[in-house]
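Residue-level structure breakdown
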Amino acid sequence: MSIFVRRRRALPIAAALAISTAAVAYMIYGAQAQDAAKPAAGTGGTAVPPAAAPAAVTAAPAPPAPQAPAAKDPALPEVKIIQEKPKPAPVQEAAPKPKPKPAPVVEVEEPAPKPKKKAAAKTSAPKPKPVQQAAPAPEPAAPVEAAPEPALVNATGTYNPALDLDGVDLPPGTTITTAGPVDGYRAISAMSSTKTATPLERIPQSIQVVPQDVIKDQTSLSVDETVHNVSNVQSFNDLNIGNTDMAGSKIRGLKAEQWLDGLVVNYNTGNRDAFANVERIEVLKGPAAILYGGGSGAPAGGAINVISKLPTDKAGGAFGITFGSNSYARPYFDINQPVSADGSVLFRVTGEYTAADSFVDVLEQDRYSFNPTLTLTNKTDTTLTIQARTSRFEQQAYPGLPAVGTVAGNFRIDPHLYAGDPTIPRSYSKVEGVTVTLDHKLDDVWSFNVKGRWSQSGFDQISQGPYTAAPDGFLGPNNWQLIDVDMFQEQREFTINPNVQAKFSAGPTKNVMLVGADYSRSTDSGFMNTNFFGYGMGLLPEWNPLNPVFTTPYIDPRLSPLFFPMFDFDTVYKTKGVYGQMQTTIFDSVHLLGGLRYANIDVEYLEKAYFDPATFTLISKTFAVDESKLLPRAGIVVDLAKGFSVYASYSEGMRWAGFNQARDVKPEFSEQREAGVKFNINHQLSGTVAVFDIDRSNIPVIASGFVAGLTDQRAKGFETDIVYQPNRNWQILANYGYTDAEITSGASSGNALAEVPKHSGRVWVNYAFDPDVLKGWSAGAGVYAASSQFVDSANVYKTDSYFTVDAKIGYENEKFAASFNVKNLTGEEYFVPYAWFGGQVAPGADRAFYGTLVYKY
């Protein structure tokens, strides 16, 4: 069945979105219809008379060395910060007057070359008398005191707290996105760590941002590939479909999660690697429970926060396609269209569809994602944004390959082999939901934000594959028994998170206070059925990888005489919390951060297939936990010199560990200590160097099969992330991470944590040719490397270290973009750990070629 049949779900969502906002639009903007002739407060490309222009952006007093090209959204015109050269102003007095400083302005770069217009700084002071001009061009406005509102608040045509960055030094060429300003490969601020628009140099924690330019230049095909640009981060394997919670992301060696726009995404269902709607990816390292809840709590290792694109007041769009090896084809679109003439109603819709084979035999995938977004704004102090989402992913479930025959043993299995029935039905993973965000500024001090999400998701993972790492067959030393598995889960979630912010000065201090609360209720029900009962009795079908003939097709385990239910559960998660946070800057050189959260996790877990060891029968049993805890966070950043600072921080976290056969449902707890150095030298060389130490307790670990034991764990190490942009030609991104992660208590005490390389890092270099040489052309190349990793917590099997080399050549102008990328240029053959039953690995992708064509308007 064509997967497009299921896209009919997107139509009700889009229709409901339009109907539900019509009344709100009338109430908020009906009064403005009578004042349509009044100049808009925003700068997003609308010509504004000098008296109505917004406050000028604070820029560096003198332009530094030329920067690398600013990030270019292929769908929209850019909003850039420029600084004009001073012009002499002739005067009529006998006594000379000092020359007025030019006011930096926000300029919109249109898709096609047009005469540029300037917006003068806003002031309440009396208008000065005009000075006679020697040239026809108007004289820049005289220096005036900046208006009280934040400088970037209207730069995209909406009131946007992510741009609430008054007084921040922005270099020439900075691109203003709806998620914050970006200078080429360097993001200047982020919201993920503090829920406030804070420059990265003032956050006492390592938070790294992968901007859209990096994603575009590397033609990223998966989130895992993208986060290789950040030290000590490994995401889920893109061959996996289904429950990624069992094979989740890792940051600093510990379990992490992928979020969407600052809210938890349960099991990360749907098309997880869709990029048409991605503005940037922010990676928050370490416990994140102070400001975040939802699902089963906040992760200990950190979060990979995917930030969505939002509408702006400039019409534009793009249509593109990426195609390449293994019949890969991904058409996508991004359309941004203001609905109202005054820019108070904005609409943006993105979508993509992917069809591809795989370098692994049998696997074929179809994926799609559709994301309409409507924004209602009065531009000055209120914005309501409604984001709808529907997404689906279909592919045969991949069981991996056993460690023996790949990274161990005296024989070798073909790495492209699919170890199961080649006619097995496809699995699916899907999600649909709506996120609503209201931002309102009450006055120059107070503002509030409310974000809520409703979603429903699910997956059905159907698989057949080997159960053990080493041969277990009864017919020979190279044989495995194959087990049929059907794992089905569906979830519903409602989350709401209101908070209030106050920005104020007191003596030598500048302060941002945040107070908020959150509530999340998630239901999760499902089962895991197998014919596991026949394991060890020689009753299951056998498989010899040296002579791979599959004589027994997959059957639904419930129809098998060997049927055994591993799980059959209904779970309700409720997480609640209230929090307060204070950010204080003293004399513009000491930046303090303190916060406290009162968190509660309430879980009711009904297991309908609990194996009672007393009676050797399956019974129903309910497990419950209701735990509350105060979670502190504290940090300090000290500026030792311009562009150079040191920092230290401490934070704690709490999360429920999820269903497991340890049957102890107490939450896991974590605490992190971190210190480091941050630097930004002339907007050219920037980065973070950090050392960290994280402790976790009450963590279930799979020792063999499904037998879980509770452990304590510890991860410590150091890392560095650097961006170097010495001029407009070169952009260099580099990172290195060292992680020593081990189990410190329990049966596996002393063993290293599985799936964690001790050493990993990436270097990527991009070169843009001068316009008078090869205008619009660029070339880039990079290498990613990782050391060996243990396959499971028993530390019996280990993969080898490996590296991959990627390269690209690209061309771009105002209307058209094209690129050619090569992945794994040297054809490196390698394996990585693959979480399945235990002791499995997955091959790395072969050398592959991809081309991308984009039309912009």
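**A word on the overall build of the protein**
Of regular secondary structure, the protein possesses four helices and 40 strands. A burial count over the protein gives 58% of its 857 residues as buried. Across the protein, the fraction of contacts at a sequence separation of at least 24, relative to all contacts at a separation of at least 6, is 70%. Surface summary for the protein: the accessible area is close to 33,800 Å², and the carbon and sulfur share equals 61%.

**Here we look at the sheet that holds strand 20 (residues 401-402)**
Each strand in a sheet pairs with another by means of backbone hydrogen bonds, the pair being arranged parallel or else antiparallel. Sheet architecture is open: three strands sit in the order 20-39-38, paired in antiparallel fashion. A strand with exactly one partner marks an edge of an open sheet, and here the two such strands are strand 20 and strand 38 (831-834). Where strand 38 lies against strand 39 (residues 840-843), four bridges are found, and the strand directions are antiparallel. Residue pairing for strand 39: Val 832 is matched across the bridge by Ala 842.

**Things to note about the pairing of strand 27 (residues 590-612)**
The side chains of a regular strand alternate between the sheet's two faces. Across 18 bridges, strand 26 (residues 564-586) lies against strand 27 in antiparallel orientation. From the neighbouring strand, Tyr 573 faces strand 27, where its bridge partner is Val 603. Between strand 26 and strand 27, which pair antiparallel in sequence order, lie three residues; one of them, Phe 587, sits at a positive phi of approximately 50°. The turn linking strand 27 back onto strand 28 (residues 617-641) is made up of four residues, and Phe 616 within it adopts a positive phi angle of 55°.

**Some points on the environment of Ser 192**
With respect to the helices, strands and loops of the structure, Ser 192 is situated in the loop between strand 6 (189-190) and strand 7 (198-199). Once you skip the residues sitting within four places of it in the chain, Ser 192 turns out to touch Ile 207, Glu 282, Leu 284, Tyr 292 and Asn 305. Of the polar contacts made by the side chain of Ser 192, one reaches the side chain of Glu 282; its length is 2.4 Å. A distance of 2.8 Å separates polar atoms of two side chains, one belonging to Ser 192 and the other to Asn 305.

**Some details on unusual backbone geometry**
Phi is positive for Arg 252, close to 55°, though the residue is something other than glycine. Counting through the fold element by element, Arg 252 comes out in the loop between strand 10 (249-251) and strand 11 (254-260). The phi torsion at Asn 326 lies on the positive side, around 55°, for a residue other than glycine. Within the fold, Asn 326 resides in the loop between strand 15 (316-324) and strand 16 (328-338).

**Some remarks on empty space enclosed by the protein**
Enumeration over the complete set of coordinates arrives at 10 cavities of 30 Å³ or more. There is about 750 Å³ of room inside the largest cavity. Lining the largest cavity are 37 residues, and of these Met 191, Thr 437, Asp 439, Asn 449 and Lys 451 sit closest to its centre. Elements that contribute at least two residues to the lining of the largest cavity include exactly strand 14 (302-308), strand 19 (382-395), strand 21 (427-441), strand 22 (446-466) and strand 23 (480-506). With four residues, the single largest contributor to the lining of the largest cavity is strand 22. Split by residue class, the lining of the largest cavity holds 13 nonpolar, 18 polar and six charged. In terms of lining residues, the second largest cavity is bounded by 39 residues, among which Leu 260, Val 265, Ser 308, Asn 371 and Arg 389 are the most central. Put simply, the parts of the chain that give the lining of the second largest cavity at least two residues each are strand 11, strand 14, strand 18 (364-377), strand 19, strand 21, strand 22 and strand 23.

**Re the confidence of the model for the protein**
Per-residue pLDDT for the protein averages 83, and the proportion of residues at 70 or more is 79%. A low-confidence stretch, residues 1-79 stays under pLDDT 50, and its non-local contacts, those more than four residues away or across chains, total 189 contacts. Note that pLDDT drops below 50 for residues 81-149; the model gives that stretch 92 contacts with residues more than four away or on any other chain.

**A word on the environment of Ser 206**
Locating Ser 206 in the fold gives a position in the loop between strand 7 and strand 8 (207-211). Residues Ser 206 and Ser 193, spaced 13 residues apart in sequence, show a C-alpha to C-alpha distance of 9.1 Å. If we skip the residues at most four places from it in the chain, Ser 206 touches Arg 252, Val 283, Lys 285, Tyr 647, Glu 674, Thr 688 and Glu 719.

**Re the packing of aromatic side chains**
Scanning the entire structure with this criterion turns up 24 aromatic pairs. A ring pair is formed by Phe 718 and Tyr 736, whose centres lie 6.0 Å apart and whose planes are at 50°; its orientation type is tilted. Linking Phe 718 in strand 32 (residues 707-724) with Tyr 736 in strand 33 (residues 730-743), this pair joins segments that are 18 residues apart in sequence. Ring geometry for Tyr 784 against Tyr 802: centres 6.3 Å apart, planes inclined by 55°, an arrangement best described as tilted. With Tyr 784 in strand 35 (residues 777-786) and Tyr 802 in strand 36 (residues 802-812), this residue pair connects regions lying 18 residues apart in the sequence. Judged by its relative accessible area of 4%, Tyr 784 is buried. The class for Tyr 802 is buried, based on a relative accessible area of 10%. Ring pairs connect the aromatic residues Tyr 398, Tyr 467, Phe 532, Phe 564, Tyr 834, Trp 836 and Phe 837, which therefore count as one cluster. Its end group placed over the ring of Tyr 332, Arg 330 keeps NZ or CZ at 4.4 Å from the ring centre. Above the face of the Phe 669 ring, Lys 629 is positioned so that its terminal group lies 5.7 Å from the ring centre.

**What to know about the pattern of salt bridges**
What the rule picks out here adds up to 37 salt bridges. Lys 823 is the partner of Glu 225 in a salt bridge, and the nearest nitrogen-oxygen pair spans 2.4 Å. Of this pair, Glu 225 sits in helix 3 (residues 223-226) while Lys 823 sits in strand 37 (residues 816-823); the two residues are 598 residues apart in sequence, bridging distant segments of the chain. Across the pair Arg 348 and Asp 334 runs a salt bridge, and its minimum N-O distance is 2.8 Å. You can see Arg 348 sitting in strand 17 (residues 345-357) and its partner Asp 334 sitting in strand 16, a full 14 residues away along the chain. On the accessibility criterion, Arg 348 (2% relative accessible area) is buried.

**Some thoughts on the side chain of Asp 439**
Looking at the secondary structure, you find Asp 439 in strand 21. With no salt bridge to any partner, buried Asp 439 finds its closest opposite charge in Lys 451, at an N-O distance of 7.0 Å. At 2.6 Å, the side chain of Asp 439 and the side chain of Asn 449 are in polar contact. Ignoring any residue separated from it by four or fewer positions in sequence, one finds Asp 439 in contact with Tyr 159, Pro 161, Asp 381, Thr 382, Thr 383, Phe 448 and Asn 449.

What counts and how
- Residues numbered from 1 in each chain as written.
- Predicted model: local features only at pLDDT ≥ 70, side-chain atom pairs only at ≥ 80, totals over all residues.
- Heavy atoms only, no water.
- Helix = DSSP H or I, 4+ residues; strand = E, 2+ residues; numbered from the N terminus.
- Buried < 20%, exposed > 50% of the residue type's maximum accessible area, 1.4 Å probe, protein only.
- Contact = heavy atoms within 4.5 Å.
- Areas by Shrake-Rupley, 256 points an atom, 1.4 Å probe, with all protein chains shown as cover.
- Pairing = 2+ DSSP bridges.
- Polar contact = N/O pair within 3.5 Å; in protein donor to acceptor, adjacent residues only side chain to side chain.
- 1 Å grid on protein atoms, 1.4 Å probe; cavity = no way out; pocket = protein on both sides within 12 Å on 5 of 7 lines; lining within 4 Å.
- Points joined across faces, edges and corners; volume = space filled by probe spheres on them.
- Nonpolar A, V, L, I, M, F, W, Y, C, P; charged D, E, K, R; others polar.
- pLDDT = per-residue confidence, 0-100.
- Phe/Tyr/Trp six-rings, centres within 6.5 Å; stacked < 30°, edge-to-face > 60°.
- Lys NZ or Arg CZ within 6 Å of the ring centre and 35° of its normal.
- Salt bridge = Lys/Arg side-chain N within 4 Å of Asp/Glu carboxyl O.
- Lys, Arg positive; Asp, Glu negative; His and termini not counted.

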